[in-house]
Structure formats: C-alpha cells, structure tokens
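A structural walkthrough
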Amino acid sequence: MTLDELSLDTSYIECLPADPQAANFPRQVHGACFSWVMPTKTSAARLLAYSADAAALLDLTDEDCASKTFSDVFSGNQLLTGSKPYATSYGGHQFGNWAGQLGDGRAINLCSIVNKRGESWALQLKGAGPTPYSRTADGYAVLRSSLREFLCSEAMFYLRVPTTRALSLMTTGDTVVRDVLYDGNPQPEQAAVVCRLAPSFTRFGHFQYYAEQSLELLKVFTDYTIQSSFSHLGAPDKACYIRWFNEVCESSCDMVVEWMRVGFVHGVMNTDNMSILGLTIDYGPYGWLEAYDPSWTPNTTDANEHRYAFSQQAKITHWNLYQLANAIYPLIEETEGLELALRNFAERYARQWLLMMNNKLGFTTTQHEEEDRQLVEQLLAFFALYETDMTIFFRRLAMLDPAGELDFEGVVQQLSPAFYEETMPEAIQQALRDWLKNYWQRCQQASTTASERRELMNKTNPKYVLRNYLAQQAIEMSEQGDQSLLHELLAVLKSPYDEQPEKEHFNQKRPDWAKHKVGCSMLSCSS
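Now for a description of the structure that goes with this document.

Reading the values: rules and limits
- Residues numbered from 1 in each chain as written.
- Predicted model: local features only at pLDDT ≥ 70, side-chain atom pairs only at ≥ 80, totals over all residues.
- Heavy atoms only, no water.
- Helix = DSSP H or I, 4+ residues; strand = E, 2+ residues; numbered from the N terminus.
- Rg over C-alpha atoms; globule rule 2.2 N^0.38 Å.
- Contact = heavy atoms within 4.5 Å.
- Areas by Shrake-Rupley, 256 points an atom, 1.4 Å probe, with all protein chains shown as cover.
- Lys, Arg positive; Asp, Glu negative; His and termini not counted.
- Charge placed at Lys NZ, Arg CZ, Asp CG, Glu CD.
- Salt bridge = Lys/Arg side-chain N within 4 Å of Asp/Glu carboxyl O.
- Buried < 20%, exposed > 50% of the residue type's maximum accessible area, 1.4 Å probe, protein only.
- 1 Å grid on protein atoms, 1.4 Å probe; cavity = no way out; pocket = protein on both sides within 12 Å on 5 of 7 lines; lining within 4 Å.
- Points joined across faces, edges and corners; volume = space filled by probe spheres on them.
- Disulfide = S-S within 2.5 Å.
- Nonpolar A, V, L, I, M, F, W, Y, C, P; charged D, E, K, R; others polar.
- Polar contact = N/O pair within 3.5 Å; in protein donor to acceptor, adjacent residues only side chain to side chain.
- Pairing = 2+ DSSP bridges.
- Expected span 1.5 Å × (residues − 1).
- Bend = angle between axes of the 7 residues up to and from the residue.

1. Examining the overall build of the protein
- Of the regular secondary structure elements, the protein holds 17 helices and 13 strands.
- Its C-alpha radius of gyration of 24 Å places the protein within 12% of the 24 Å reference for a compact globule of 527 residues.
- Seen through its principal axes, the protein has C-alpha atoms that stretch 75 × 60 × 50 Å.
- Restricting to contacts in the protein with at least 6 residues of sequence separation, those with at least 24 account for 72%.
- A total of about 21,000 Å² of accessible surface is found on the protein, and carbon and sulfur atoms cover 51% of it.
- If you average the places of the 44 positive and of the 65 negative side-chain charges in the protein, the two averages end up 1 Å apart.

2. A look at the pattern of salt bridges
- Going through the model one piece at a time under the given rule, you end up with 27 salt bridges.
- Among the ionic pairs, arginine 203 bridges to aspartate 282, the shortest N-O distance being 2.7 Å. Of the two residues, arginine 203 sits in the loop between strand E11 (187-198) and helix H6 (204-213) while aspartate 282 sits in the loop between strand E12 (264-265) and strand E13 (287-288), which places them 79 residues apart along the sequence.
- Taking the relative accessible area as the measure of exposure, arginine 203 reaches 1% and is therefore buried.

3. Some points on empty space enclosed by the protein
- This model, assessed by the stated rule, comprises 2 cavities of 30 Å³ or more.
- Roughly 80 Å³ of internal volume is contained in the largest cavity.
- What lines the largest cavity is simply Leu8, Asp9, Thr10, Tyr12, Ile13, Gly82, Ser83, Lys84, Tyr86, Leu110, Cys111 and Ser112.
- Elements that contribute at least two residues to the lining of the largest cavity include exactly strand E1 (7-9), helix H1 (11-15) and strand E7 (107-114).
- In terms of residue count, the dominant contributor to the lining of the largest cavity is E7 (3 residues).

4. A word on the state of the cysteines
- Going through the model one piece at a time under the given rule, you end up with 0 disulfides.
- Between cysteine 240, a cysteine without a disulfide, and cysteine 249, which holds the nearest cysteine sulfur, the sulfur-to-sulfur distance is 14 Å.
- Unpaired in terms of disulfides, cysteine 253 finds its nearest cysteine sulfur in cysteine 249, a separation of 9.0 Å.
- Accessibility expressed as a relative area gives 0% for cysteine 253, which makes it buried.

5. Some details on the layout of surface pockets
- The space that makes up the second largest pocket amounts to roughly 380 Å³.
- Taken together, 24 residues line the second largest pocket, and the ones lying closest to its centre are Tyr12, Ser112, Pro199, Ser200 and Tyr224.
- Counting residues per element, the ones that place at least two in the lining of the second largest pocket are H1, strand E4 (86-88), E7, strand E8 (120-126) and helix H7 (215-229).
- Broken down by element, the lining of the second largest pocket gets its largest block of residues, 5 residues, from H7.
- When grouped by side-chain class, the residues that make up the lining of the second largest pocket number 8 nonpolar, 12 polar and 4 charged.

6. A closer look at the side chain of arginine 148
- Position of arginine 148 among the secondary structure elements: in helix H5 (residues 143-158).
- Despite its burial, arginine 148 pairs with no opposite charge; the closest candidate is glutamate 149, at 8.9 Å N-O.
- Polar side-chain contacts of arginine 148 include one of 2.8 Å to the backbone oxygen of tyrosine 286.

7. Observations concerning the pairing of E11
- Taken across its 12 residues, E11 has 9 buried, putting it largely inside the fold.
- Summarising the sheet, strand E9 (residues 141-142) and E11 pair through 2 bridges and their orientation is antiparallel. Paired with alanine 141 across the two strands is alanine 192, which belongs to E11.

8. Section: helix H9 (residues 313-332)
- Taking 1.5 Å as the rise per residue, H9 with 20 residues should run 28 Å; its terminal C-alpha atoms sit 28 Å apart, in good agreement.
- Remark: the principal bend of H9, roughly 30 degrees, maps to asparagine 326, with a proline, proline 330, within the next four residues.
- At the exit of H9 stands glutamate 333, carrying a positive phi of roughly 60 degrees.

Laid out in structure tokens, this is it:
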C-alpha cells in the first residue's frame, strides 16, 4: 500500500462537534471538541529518521518512507487525499491546579489511517505550527525535544511498556527561539516535527474540559470514545460507564507498573498528559533513573515539590483517575462504582508491583507476600544508601548462581559496575551482605532452576535503556548534522533485552560529566 492508497477513518470529525470559527488564532473554544487547522509549511523539510516498525502499522514500506511524498506529508507540507487536519480542545490539572483550557497547542491531527488488519491509527504532527490552543506559544518544536520524543516512543515500545509510537523525525529548515531553562537566556534552535501515532490521543483532560462546559458535550464525547475504542464493553449507559472507568484504572495501573520496572520517570503527569488507553503519552521532561533515587524528577519545574518523582508515579496516577471520576460522575450520578474502581486500582498496583519486583529478582510468583515485600524494600533501602545504577544492577544480579555458599567478595566484584563509588563503607557492606543472605535463601527455596531464574530476569530487566546522557549526545551530534548516533541508538533499543556484546558501551552508568549537565540530569518543558 502506498501513501496515495491509505484508507482514512474520518469518524472523529464526523461524529463530534467542530469549532464553527475557521480562523486560526488563540482563543477559548466552547461547545466543540476540535478546531480545523492547517500545518504550517516548512522551508526545507528533511527526514532524519523513521521507524520501519511504526511505518508497517500503516502498511508503508522502506521505499515509501524514503519518498519525497513521505517527507512532504509528515512535515506538514502536503496533505493526504481526504485528510482534514484539526486540533482538539481539552483542559487539565497541571501540578495539581486546574488550568482550564489547554488543548493541542503544538499538535495537529492529520487523520486516522485504517490498515490492512482493520486497525485505526491516528496520525499527529507535533511541532507543525500554531493552533487555537497555542495560547502565547508558537506551536513549533525544537530538534532536541523532538529527537527525545521520537527515540523514547520507540524505545518504550520495545521495552514492552504501553506507549504511543513515533513514525518519523524531520527538521524543517527553520529556526525557533527557546529559553531552555527559563532563565532569561533565549537562543535560536533548529525546528523539527515528529509524527506520532496511536489508536487514540484522547486524554483525561478531554473529559474534564467537556464536563466543565455541559453534560451534553461530555456525553457525546464519552459515548464516542466507548464506541470507537471500548466497543467490547457494550452500548454506553450507566453500567457501561463504570465498566469503562474500571478498565481505564486497570490499564493506567499496568502502565505505571511497567514504568517502575524499567526505571522510567515521566516528569509531567498532569491530567492532560494521561492517555485514556493507558499509553505513555507526551514525552517531555522524562528521564531514566541512573543512580537510584526514588525522589528524583527530571523536570526543572518540579525541582522543589517533586510531585512527579519516580516514587510518586502510582500515587499521582490514582489522583489523576480521581479527577477523571469527578469529571464523568454527572453521567452516572452514583459514587459507589467509581469508588470501587479507585480502590481496586490501589490494590491492583500493590499486587502487580510486588510481582513485578519479584520477577526482577528471578521469582515467578509472590511466595509469602510480607516476606517478599521486605526483601524488595531491603534492597531498595540499600540502593538509597549507596549510589547504584538499577538497570546494571539487576542484569549483573542475573549472572550470579545462588545455589552454593555466598561468596560476598565475589558477588560485590560481579555487581561493582553498577556502583558509582569505588569504596563501599563497612556499614553499607553489612547492609548488602544482609540482603544477599536473605536473597540467597529465597532463591534456594524457589522451585525454578538457575537457568530459568536467569532467563526470567533477563526478560524482565532490560540491558539497554535510553539513558539521559546518550539521548543528549545524540541531540548534540544531530544539531551538527550527524545522525549516526541517533540511528545507532534506534537500532540498539529495538533489542533492549539482548546482550549485543558489540554495543556494551551503551550499557554504562552515567559518566561524571553528565551528573549536572543540562539535558542529562534535569530538563524543562521547553520544546
């Protein structure tokens, strides 16, 4: 199938109310789910990278992706036949405060494509120009943030984390001015456009914004969402709304468990950045735990409150779901079902998190819940005491054979590539020794063999993640016109659980130079 033959799904714009104002200028939009808007044409679009696997979701080949038509369409310079681009309206809580109308300020929905398997994929350009929801911004995006979103979207997919996908990364030939750290030092940067795709880009904030306006608008949008994305739940009614909310709670829970498994920190978990499908969405100031720190957030805006820190992500997801429940309550007018779903979220998360951590340690089940939890918490307490790279630690732990006597010195040598300090104080050695003794005992009680344990651990614990400093190196090289590291990382991250001996240099803990470097340790929402 070529670009000219793609089959479009126009149900969103056919079933939902449009903004009657056709002009593209910043404004408050009421009584409508979207506004018509055209991407801004670029001066010299150039394809830097594309995901062949994401392209395959649209039945596109490598030849299609190398074509001029591909670059023209996914930079915003040309429309697919039948495409009617639009930006959606939504609101949201930002850092716990209701922000009112937000909307697609720099995202333009091109269309939805139905592939040969009958799957519908919404295509969205990020950085393609202003929309009515851009407020005081210009609607464009810079190369550094676009490259990070492109790489991370695909990396998360291969890590088996629910996520939106990224099809392409383009530079536009234009520049935009940005103040990276909001410290009064704006600089011109290269502009770029990412094409991302998902079954739906609907967010919690859509329901919040429509609930604020009218019950009718809320019902129209909710019913459309259920019919298009949750049809297995049956026809929309009060009972269906509760089943739907419960499913949203479950998928959101499972997504965050996967974040915790791989050490991912989203950084900006506002309700407008929460997908109704339980997908990771909006890769802004995200980061990976390098030295384990449960209070770490990559977001400079959150540097004081740490609202969206690693250890807070389940709690904030629960809070965001509570706000969604408040928004859809007028459709149900009963709290019992919503409250039960929220309680189930908390119980499901506790259960799924412990099982996930047991899998990371090589155990297929939770044997004795309290003892297993203590074993996990004892290890995390050691991480907090002694700067440790979580990703490297668990992969090195899988190499050990706890069948015989514990050789503490040998084990420490095996684990040492995960530690940031060369000398371990005696008190911390004792904390590690105590944990290892308990871990050794737990392994010997398990019914699995050493090879089965290792196989499980290496399927659960990735060897390669998009480390913050690697992404920054790829950005700096790409800004100089060299995309070699971008392409190399994309290839490595397609197989994050494989050894890839020739790529061992991508499995190294954070270098000293990156500890406080902008783009490596902290990021802003600047894009």
